Amino acid sequence: MELMTVGGGCFWCIEAVFNEVKGVEKVVSGYTGGTVPGKPTYREVCSGLTGHAEVVQVTFDSSIISYEDLLVIFMTSHDPTSLNRQGGDAGTQYRSVIYYHNESQKEIAEAVAKEMAPYYENPIVTEISALQTFYEAEDNHQDYYKNNQSAGYCSAVITPKLARLRKMHSDKLKNVSA
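All values reported here derive from a predicted model rather than from experimental measurement.

A. Expanded view of the overall build of the chain. Helices and strands together make up the secondary structure of the chain, namely six helices and eight strands. Over its C-alpha trace the chain gives a radius of gyration of 15 Å, about what one expects of a compact globule, namely 16 Å for 178 residues. Dimensions along the principal axes, computed over C-alpha positions, put the chain at roughly 40 × 40 × 35 Å. Taken across its 178 residues, the chain has 47% of its residues classed as buried. Intrachain contacts of the chain at a sequence separation of at least 6 include 77% that bridge at least 24 residues. Summed over all atoms, the accessible surface of the chain reaches about 8,700 Å², with 49% contributed by carbon and sulfur. Once the 15 positive and 22 negative side-chain charges of the chain are each reduced to a mean point, those two points are 5 Å apart.

What follows is the structure, encoded as structure tokens:
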């Protein structure tokens, strides 16, 4: 099993996306990349004062899905050209970021960002940085979409994102209902 850590806006959205991908064993919402020591809380991260990003840490089987394929899914599941914002979520905690775990992941992330650039009208602003300490988010943020599908944010933001995922990457998804 390998790990991938990425942030692309609210972690509820990114978690819901990767939970549908073949080869993904586990997705954990959390925080990383901050300047304030110690484990931050959701409220602290949302303040924008800790420097942390909302991220997901994905455990995946690379014999089923490659890190590169996961990054392509990531780059097409959010707007990598939007600096510190995804839709109505604004602030550095919602930045587009790939936290690499080793030099190989760094090289692949840089190559995928370069490869994806021509598909976007604006420049890709996704940060590519070495992973610092990953802090798991509070329990109520884990499997958020699965547990709150009828909530306003979920139906307005996440459900359409999953519909797009199913259309663009159907060959890489687990058998899920639409």
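B. Layout of the side chain of D89. Within the element layout of this structure, D89 appears in strand β5 (residues 89-90). Although D89 is buried, it forms no salt bridge, and the closest oppositely charged side chain is R85 at an N-O distance of 8.2 Å. Reaching out from D89, the side chain makes a polar contact with the side chain of Y153 at a distance of 2.8 Å. Ignoring sequence-local partners within four residues, the contact set of D89 consists of C10, N84, Y94 and Y153.

C. Here's a closer look at the pairing of strand β2 (residues 24-32). For β2, a buried count of seven out of nine residues is recorded, marking the element as mostly surrounded by other parts of the structure. Bridge analysis of β2 against strand β3 (residues 53-60) gives eight bridges, and the strand direction is antiparallel. Each bridged residue has a counterpart across the sheet, and for Y31 the counterpart in β3 is E54. As judged from the two bridges shared by β2 and strand β8 (residues 135-136), these two strands associate in the antiparallel manner. Residue pairing in the sheet places G30 in a bridge with E136 of β8.

D. A look at the packing of helix α3 (residues 67-75) against helix α4 (residues 103-116). Two elements in contact, α3 and α4, have axes whose closest approach is 10 Å; the angle formed by their N-to-C orientations is 45°. Regarding the angle of α3 to α4, the classification is oblique. For the element pair α3 and α4, the recorded crossing hand is right-handed. Facing α3, whose interface residues are Y67, E68, L71, V72 and M75, α4 presents Q105, I108, A109, V112, A113, E115 and M116.

E. Representation of the pattern of salt bridges in the model. Within this structure, the stated rule accounts for three salt bridges. Between E20 and R166 there is a salt bridge, with its nearest N and O atoms 2.4 Å apart. Of this pair, E20 sits in the loop between α1 (11-18) and β2 while R166 sits in helix α6 (residues 152-168), and the two are 146 residues apart along the sequence.

F. Structural context of the packing of aromatic side chains. With the rule as written, the count across this model stands at six aromatic pairs. Centroid distance W12 to Y42: 6.5 Å. Interplanar angle 15°. Geometry classified as stacked. Linking W12 in helix α1 with Y42 in helix α2 (residues 42-46), this pair joins segments that are 30 residues apart in sequence. Among the residues examined, Y42 registers a relative accessible area of 23% and is labelled partly exposed. Members of the aromatic cluster, each reached through a chain of ring pairs, are F11, W12, Y31, Y42, Y144 and Y153.

Reading guide: rules and limits
Residues numbered from 1 in each chain as written. Predicted model: local features only at pLDDT ≥ 70, side-chain atom pairs only at ≥ 80, totals over all residues. Heavy atoms only, no water. Helix = DSSP H or I, 4+ residues; strand = E, 2+ residues; numbered from the N terminus. Rg over C-alpha atoms; globule rule 2.2 N^0.38 Å. Buried < 20%, exposed > 50% of the residue type's maximum accessible area, 1.4 Å probe, protein only. Contact = heavy atoms within 4.5 Å. Areas by Shrake-Rupley, 256 points an atom, 1.4 Å probe, with all protein chains shown as cover. Lys, Arg positive; Asp, Glu negative; His and termini not counted. Charge placed at Lys NZ, Arg CZ, Asp CG, Glu CD. Salt bridge = Lys/Arg side-chain N within 4 Å of Asp/Glu carboxyl O. Polar contact = N/O pair within 3.5 Å; in protein donor to acceptor, adjacent residues only side chain to side chain. Pairing = 2+ DSSP bridges. Axes fitted to C-alpha atoms, helices over the stretch in contact; angles between N-to-C directions. Parallel < 35°, antiparallel > 145°, perpendicular 65-115°, else oblique. Left-handed = near helix turned anticlockwise from the far one by under 90°. Phe/Tyr/Trp six-rings, centres within 6.5 Å; stacked < 30°, edge-to-face > 60°.

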